[in-house]
Amino acid sequence: MPVIAVAREIKRLHPGNDLEIHYIGPKDELSLLLLAQENIKAHTIVAGKIRRYFSFENFIDVLFKIPFGFLQSFFLALFMMPKLVFSKGGSGSLVVCLCAYILGRPIFVHESDSAPGISNKIVSKWAKKVFTSFPRTEYFDLSKTLLVGNPIRKEITEGSIQATKEIFNLTLEKPVVLFLGGSQGAQALNDFVLSILNDLLQDYEVIHLCGSKNYRSVKIESQVVLDKELEKYYHLWEFLDEVQLKHALSAASIVISRAGAGSIFEIAACGKPSILIPLPSSASDHQSKNAYQYASTGAAVVIEQENMTHNFFIGKINYLLSNSEKMDEMKKAALQFAKPLAAKAIAREILEYLA
């Protein structure tokens, strides 16, 4: 999503037809579909992963996948000879940037989290510029670091409550609580939502994004536990596209989410109070660091996963949604933290460098 946000801004700032945007990365069907919709030509490579714990898969990745991914990336880069490489880090980015470095191509890096991943730590040594999202981001050379925020699609802030009512069949008789399950650790959140569902629906209407992998099981279980009189207040979705997400955010009174940078900055840009539940197993504990840095502004409340109990969680939501002054403070803090022009700032830096 950040790559798409930056690409859109590049096209807005440079509307001519003399610029091509390509994507190189591991194969992911949803990503390929979204990139194709943006007319970004995607090239897939084999991506190995260096795990921070012992695993026999490390041997396979280091000895076979990473070298093969490097060869794929090298021939792609040699054929394209890009004027500039913009890296978001993650699986597959290291070999692409290494090829760019060998070929003398300039590299710009963006780090979403307050605790960088291994790939961005390495690539930052070769990068001309390093963009960061959080004011306190670890590790990078400050002389080439620029704080811009996390790139979001600016369209995400253009939701409409009326459109949300039609899309999700909302009653709007009660405040809307939006659960964003995320791609990682969604199962634990889903199980917890189901365990408190009937009590939650007594006072609130719920939009629950559970993830594609979990949708079938969550749907079956929710049909078993759900009080039929409350059924109209529960809206289960496996995936929200851009249009659905922006409208869901517009209608939400509060958002419950993991603490990935993408979610945090989208929630902030929409000015929504939130409860963040960091993924305990996130690399370098980056979700916890993201969550507490964001919460220090007053925009969010952090609840560690091991502390999520029925009464405590319901009590926290009741307290926040019954306290209009506190909600207003959280909304203002979220908007002050938000950097909705991050994608535009990065696009401008890229185009100025190319010029």
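Structure first, text after, so check above.
This structure is a prediction, so every number in the text was calculated from the model and none was measured.

> Can you walk me through the overall build of the protein in this structure?
Along its length, the protein carries 14 helices and twelve strands. In terms of C-alpha radius of gyration, the protein reaches 21 Å, essentially the compact-globule figure of 20 Å for 355 residues. With respect to the three principal axes, the spread of C-alpha positions in the protein is 65 × 45 × 35 Å. Taking all 355 residues of the protein together, the buried fraction comes to 49%. Looking at the protein alone, contacts between residues at least 24 apart form 66% of all its contacts between residues at least 6 apart. As displayed, the protein offers around 17300 Å² of accessible surface, 54% of which is attributable to carbon and sulfur atoms. Computing the positive centroid from 38 side-chain charges and the negative centroid from 36, the protein places the two 7 Å apart.

> Sorry, what's going on with the sheet that holds strand β6 (residues 145-147) here?
Pairing between the strands of a sheet comes from backbone hydrogen bonds, and it takes one of two forms, parallel or antiparallel. The strand order β3-β4-β5-β6 describes an open sheet built from four strands, whose pairing is parallel. Among the strands making up the open sheet, the edge pair consists of β3 (85-87) and β6. Averaged over all pairs of adjacent strands, the angle between strand axes in this sheet comes to 20°, irrespective of strand direction. Pairing analysis gives four bridges linking strand β4 (residues 107-111) to strand β5 (residues 129-132), with the strands arranged parallel. Directly across from Glu111, in β5, lies its bridge partner Thr132. The sheet contacts of helix α4 (residues 93-102) involve β3 and β4, and relative to β3 the element is tilted by about 155°.

> Got a minute to help me understand the sheet that holds strand β11 (residues 274-276) in this structure?
Reading across from one edge, β9-β8-β7-β10-β11-β12 is the order of the six strands in this open sheet, with parallel pairing throughout. The two strands at the open ends of the sheet, each matched to only one other strand, are β9 (234-237) and β12 (300-302). For this sheet, the mean inter-axis angle between neighbouring strands, taken without regard to orientation, is 15°. Where strand β8 (residues 205-209) lies against β9, four bridges are found, and the strand directions are parallel. Bridge assignment links Val206 to a residue of β9, and that residue is Tyr234.

> Hey, could you run me through the pairing of strand β2 (residues 41-45) in this one?
Within a regular strand, side chains alternate between the sheet's two faces. The pairing of strand β1 (residues 22-26) with β2 spans five bridges and is classified as parallel. In the sheet register, Gly25 faces β2, and the bridge partner there is Thr44. Running through helix α2 (residues 29-37), the crossover from β1 to the neighbouring parallel element β2 is right-handed.

> When you look at the packing of aromatic side chains in this model, what are you seeing that I'm missing?
Two aromatic rings are characterised by how far apart their centres lie and by the angle between their planes. For the coordinates displayed, the defined rule picks out 13 aromatic pairs. Pairing Phe265 with Phe337 gives two aromatic rings, centres 5.1 Å apart and planes at 40°, and the pair type is tilted. Here the residue Phe265 occupies a position in helix α10 (residues 261-269), and Phe337 occupies one in helix α13 (residues 324-337), the gap between them amounting to 72 residues. We note that Phe265, like Phe337, is buried. The rings of Phe134, Phe265, Tyr294 and Phe337 are connected pair by pair, giving a single aromatic cluster.

> Looking at this structure, how should I read the packing of helix α6 (residues 161-168) against helix α9 (residues 242-251)?
For any two helices packed against each other, the geometry comes down to the angle between their axes and how far apart the axes lie. Between α6 and α9, whose axes approach to 8 Å, the crossing angle comes to 115°. Crossing hand, α6 versus α9: left-handed. Residues Ile161, Ala163, Thr164, Ile167 and Phe168 of α6 pack against Val243, Gln244, His247, Ala248, Ser250 and Ala251 of α9.

> Can you walk me through the environment of Ile277 in this structure?
Here Ile277 lies in the loop between β11 and α11 (286-295). Through-space distance from the C-alpha of Ile277 to that of Gly104 is 42 Å; in sequence the pair is 173 residues apart.

> I keep staring at α10 and nothing clicks. Help me out?
Helical geometry: 3.6 residues make up each α-helical turn, so side chains three or four residues apart lie on a common side. A large share of α10 lies buried, amounting to seven of its nine residues. Buried within α10 are the following residues: Ala261, Ile264, Phe265, Glu266, Ile267, Ala268 and Ala269. Tucked into the core, α10 has its buried residues touching α9, β10 (254-257), β11, α11 and α13. Where α10 terminates, the next one or two residues include Gly271, which has phi positive at roughly 65°.

> What is the right way to look at the side chain of His208 in this model?
Assignment of secondary structure puts His208 in strand β8. Overall, His208 belongs to the buried group, its relative accessible area being 1%. Polar side-chain contacts of His208 include one of 2.8 Å to the side chain of Tyr234. Not counting residues up to four positions away in its chain, the partners in contact with His208 are Phe179, Asn190, Val193, Val218, Tyr234, His235, Leu236 and Trp237.

Parameters and conventions
Residues numbered from 1 in each chain as written. Predicted model: local features only at pLDDT ≥ 70, side-chain atom pairs only at ≥ 80, totals over all residues. Heavy atoms only, no water. Helix = DSSP H or I, 4+ residues; strand = E, 2+ residues; numbered from the N terminus. Rg over C-alpha atoms; globule rule 2.2 N^0.38 Å. Buried < 20%, exposed > 50% of the residue type's maximum accessible area, 1.4 Å probe, protein only. Contact = heavy atoms within 4.5 Å. Areas by Shrake-Rupley, 256 points an atom, 1.4 Å probe, with all protein chains shown as cover. Lys, Arg positive; Asp, Glu negative; His and termini not counted. Charge placed at Lys NZ, Arg CZ, Asp CG, Glu CD. Pairing = 2+ DSSP bridges. Axes fitted to C-alpha atoms, helices over the stretch in contact; angles between N-to-C directions. Right-handed = clockwise from strand over helix to strand, strands pointing away. Phe/Tyr/Trp six-rings, centres within 6.5 Å; stacked < 30°, edge-to-face > 60°. Left-handed = near helix turned anticlockwise from the far one by under 90°. Polar contact = N/O pair within 3.5 Å; in protein donor to acceptor, adjacent residues only side chain to side chain.

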